[in-house]
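Here is what each chain is made of, one letter per residue.
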Amino acid sequence: MTLAPVMEQRRGRLSLNRTAVLAAGVVILFAVYVLLGSYTVTIPDFFRILAAHLTGGEKIPGASFIVMENKLPRAVIGTMIGLAFGLAGALFQTMLRNPLASPDVIGISYGASAAAVIAIVIFGASGAVVSGAALAGALAVAGLIYAISAGGALRGTSRGSAAGNRLVLAGVGIAAALHAVVNFLMTRADIRTAADALVWLNGSLNSANWDRAGVLFFALVVLIPAVAVIAGPLRILELGDDAAAGLGVRVNASRLALVIIAVTLAAVATAAAGPVAFVAFLAGPIARRFTGKASLPASALVGALIVLAADYFAANLAPLLLDGTVLPVGVITGALGAPFLLWLLVTANRKDA
Amino acid sequence: MTHSTTTAASRGGDTGTAVQVKGPKGPSRGPASGGKRAAWLLAAVVVLAILAGASLAIGARGIPLGTVWEALTSFDPANGDHAVVHARIPRTVLGLLAGGALGLAGAAMQGVARNPLADPGIMGVNAGAALAVVTGIYVFGVATFSGYIWFAFIGAAVAAVVVYLIASLGRDGATPVKLALAGAALSAGLYSLMNVILVSSQDTLDRFRFWQVGGVAGRDWSVVIPGIPFLAVGAVIVLLTGRILNSLALGDDIARGLGQRVGLTRAVTALGIVLLCGTATALAGPIAFVGLVVPHAVRFLTGPDYRWILPFSLVAAPVLLLAADIIGRVVLLPGEVPAGIMTALVGAPVFVWLIRRGKGAGL
């Protein structure tokens, strides 16, 4: 670290600037999301509505309802799940040192999906029950994956980084099995139920409300400081388990804490809006290429940007193109994020390998 | 035959988040010797032959093995049992072909991308095939398996070529990290487009959900035969790359030092992979798990030597697919559970057991 302080400083400042740009982007997009679109609200009107809502004052007919019950909760939940997915993805990708290792890939989202689809298809559930099932499914699968990978390590046949490797392998194995269960249930369900389940499987903000926003908010109030605490050991773990142990990091405890935090982030976000596809996978690599280094705050902000932009498109622009079909936000996230990541890959190559 | 204890440590390319995997720590925990491995391979072939026979005999209507033999040697069209056996031949052959292709492609893909999470689908093949099939259903009203083949095949091929081109842009060509990221990103985009159609058209979803599970049932010779030449060429290409993959596993720089033309060999291997898994997906739908997991399972027996991993995967993958298909026929009588679903359900417990034994070799 001390070998090239000037370079390090310059790079640090650049990435800090870029992170500030991302944060500003989130704020601007949030404002655009709430104020513009198929229903436009002026800024003074918005504050009047907000003040009236908080103080119980006089409401503006129509506008109050649209802003307070539709646009604002949608934007708030969209931002929060974006932050959560972005962080969860970046934590997994950094911890496992694999750009493909997002919660989607290693089974946690599939745990949520399988539980939710079982709830929808077999028990005919909807709303909060589906969210609860998703949360339970994600946590149960994460526990199972961890038990499988940690159980082997106790026999002392292999050391640390193999434990990370086993975690990934157990995850993909279980993800594949759960994916099969979901697909099978989709073929067994009535076609209308299957279509409902498909919307949930893509991740959608259509049923956003303040209750859900509240639960999510409290979860993030606990989890984001926890991420800040664990970020230090995470950077040292990146050097390899042996080096980290040598530097005084309690490797197994830190990894367990990381897994718990990342899984819970992904699980609460999935419970709120469904497994919004690809946000967790795309946020980390995009943030990395944008700021020039791995950065958890930048990944979280990129996640929020992706979700807000995608849902703005899904709620306001897509209906114009598709005769009024409101697409689930997860359908758009991949369509927006993927080309951007590809473009970053191509341009980053030109500069320096 | 000595096995390499060299580790394929992380070479992160520009992201630094590459996989770190370690090989066996010493000869004492190393994989079996050459003779032992050959014996294992022979045993796997025998198991595969037994399963192929069982696949002809077992089903909603069980047929004694003697009658199966009769049906194969002296076919009597008037005999109902013989007709049943003959009807099961195409799906058995398809199970052998698709399973072998997926296993081989998966092993080679993990070698080329140097990533344990890489499966054949990472080249964008499954996403391309799925989007093309959905387009075929939605725009052209296709409704049969033989109608889906060419859509799936073209979609798979186009997606794979695009992934490779994107990953190759820039000076250092298609590095493993760029290949994996480009493939996963393009897949994400294609699946999104596919879901746009599926969410807005219930009819399309209704047909697509049955293709999506993947399976070998309901395909006759008109589906199986067009795929054979593609599979043969792909298999020959990939089977010849064992040594190349071994040197690629040491890292691009060392491979170059050993005299490999890294870019060219990676491109040729990728071509073989696309032929194999593109065709398998076109014929049998997206069968998850086989290409991803069988090579890992095989590594527990063979160690990190691709000259053994490739043939083992070629034999072990159809063992899994045929076994899954047979079990799928009898678990939910009178219905069937498609092989694409049973592979994961049958394979996952075995895979978990292998992981817990904890002797996994790295890439």
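Our subject is the structure listed above.
Residues numbered from 1 in each chain as written. Chains lettered and ligands numbered in written order. Predicted model: local features only at pLDDT ≥ 70, side-chain atom pairs only at ≥ 80, totals over all residues.

### Section: the overall build of chain A
And step 1. If you tally the helices and strands in chain A, you get 13 helices and zero strands.
And step 2. When the helices and strands of chain A are read in sequence order from the N terminus, they spell out α-α-α-α-α-α-α-α-α-α-α-α-α.
And step 3. Residues classed as buried in chain A amount to 55% of the 353 residues present. (Helix = DSSP H or I, 4+ residues; strand = E, 2+ residues; numbered from the N terminus. Buried ≥ 20, exposed ≤ 12 C-beta atoms within 10 Å, placed from the backbone.)

### Some words on the overall build of chain B
And step 1. Helix and strand counts for chain B come out as 15 helices and zero strands.
And step 2. Across chain B, the fraction of contacts at a sequence separation of at least 24, relative to all contacts at a separation of at least 6, is 76%. (Contact = placed C-beta atoms within 7 Å.)

### Digging into the packing of helix 3 (residues 63-95) of chain A against helix 10 (residues 251-273) of chain A
All names here are of chain A.
And step 1. At a minimum axis separation of 9 Å, helix 3 and helix 10 run at an interaxial angle of 150°. Considered as vectors, helix 3 and helix 10 are oriented roughly antiparallel to each other. At the point where helix 3 passes helix 10, the crossing takes the left-handed sense. Contacts between helix 3 and helix 10 involve Ile77, Ile81, Ala84, Phe85, Leu87, Ala88, Leu91, Phe92 and Met95 on the former and, on the latter, Arg255, Leu258, Ile261, Ala262, Leu265, Ala266, Val268, Ala269, Ala272 and Ala273.
And step 2. Here the residues of the contact of helix 3 with helix 10 sort into 18 nonpolar, no polar and one charged. (Axes fitted to C-alpha atoms, helices over the stretch in contact; angles between N-to-C directions. Parallel < 35°, antiparallel > 145°, perpendicular 65-115°, else oblique. Left-handed = near helix turned anticlockwise from the far one by under 90°. Nonpolar A, V, L, I, M, F, W, Y, C, P; charged D, E, K, R; others polar.)

### Details of helix 13 (residues 290-302) of chain B
Residues and elements named next belong to chain B.
And step 1. In a regular helix each residue adds 1.5 Å, so 13 residues correspond to 18 Å; helix 13 covers 18 Å between its end C-alpha atoms and thus fits that length.
And step 2. Counting buried positions along helix 13 gives twelve out of 13 residues, so the element sits mostly inside the fold.
And step 3. Among the residues making up helix 13, those that are buried are Val290, Gly291, Leu292, Val293, Val294, Pro295, His296, Ala297, Val298, Arg299, Leu301 and Thr302.
And step 4. Within two residues after helix 13, Gly303 carries a phi angle of roughly 80°, on the positive side. (Expected span 1.5 Å × (residues − 1).)

### With respect to the nonpolar core
And step 1. Membership of the largest hydrophobic core comes to 250 residues, with the highest contact counts inside it found for Ala84(A), Ala138(A), Ala176(A), Ala266(A), Ala98(B), Val133(B) and Leu276(B).
And step 2. If sequence neighbours within four positions are ignored, Ala98(B) has contacts with Val216(B), Ala280(B), Leu283(B), Ala284(B), Ile287(B) and Leu321(B). (Core = buried A, V, L, I, M, F, W, Y, C linked by C-beta atoms within 7 Å.)

### Observations regarding helix 4 (residues 125-140) of chain B
Residues and elements named next belong to chain B.
And step 1. Taking 1.5 Å as the rise per residue, helix 4 with 16 residues should run 22 Å; its terminal C-alpha atoms sit 21 Å apart, in good agreement.
And step 2. Within helix 4, twelve of the 16 residues are buried, leaving the element largely enclosed by the surrounding structure.
And step 3. Three or more residues of helix 4 are buried, namely Val125, Asn126, Ala127, Gly128, Ala129, Ala130, Leu131, Ala132, Val133, Val134, Gly136 and Ile137.
And step 4. Buried positions along helix 4 lie against helix 5 (145-168), helix 6 (176-200), helix 7 (202-212) and helix 12 (262-284).

### Here we look at the environment of Ala339(B)
And step 1. Locating Ala339(B) in the fold gives a position in helix 15 (residues 339-357).
And step 2. In this view, Ala339(B) contacts Gly95(B), Gly215(B), Val216(B), Ile287(B), Leu321(B), Ala324(B), Asp325(B) and Gly328(B); residues no more than four positions away in its chain are not counted.

### Here's the deal with the environment of Ile228(B)
And step 1. One can find Ile228(B) in helix 9 (residues 228-239).
And step 2. Sequence spacing of Ile228(B) and Ala98(B) is 130 residues, and the spatial spacing of their C-alpha atoms is 9.9 Å.

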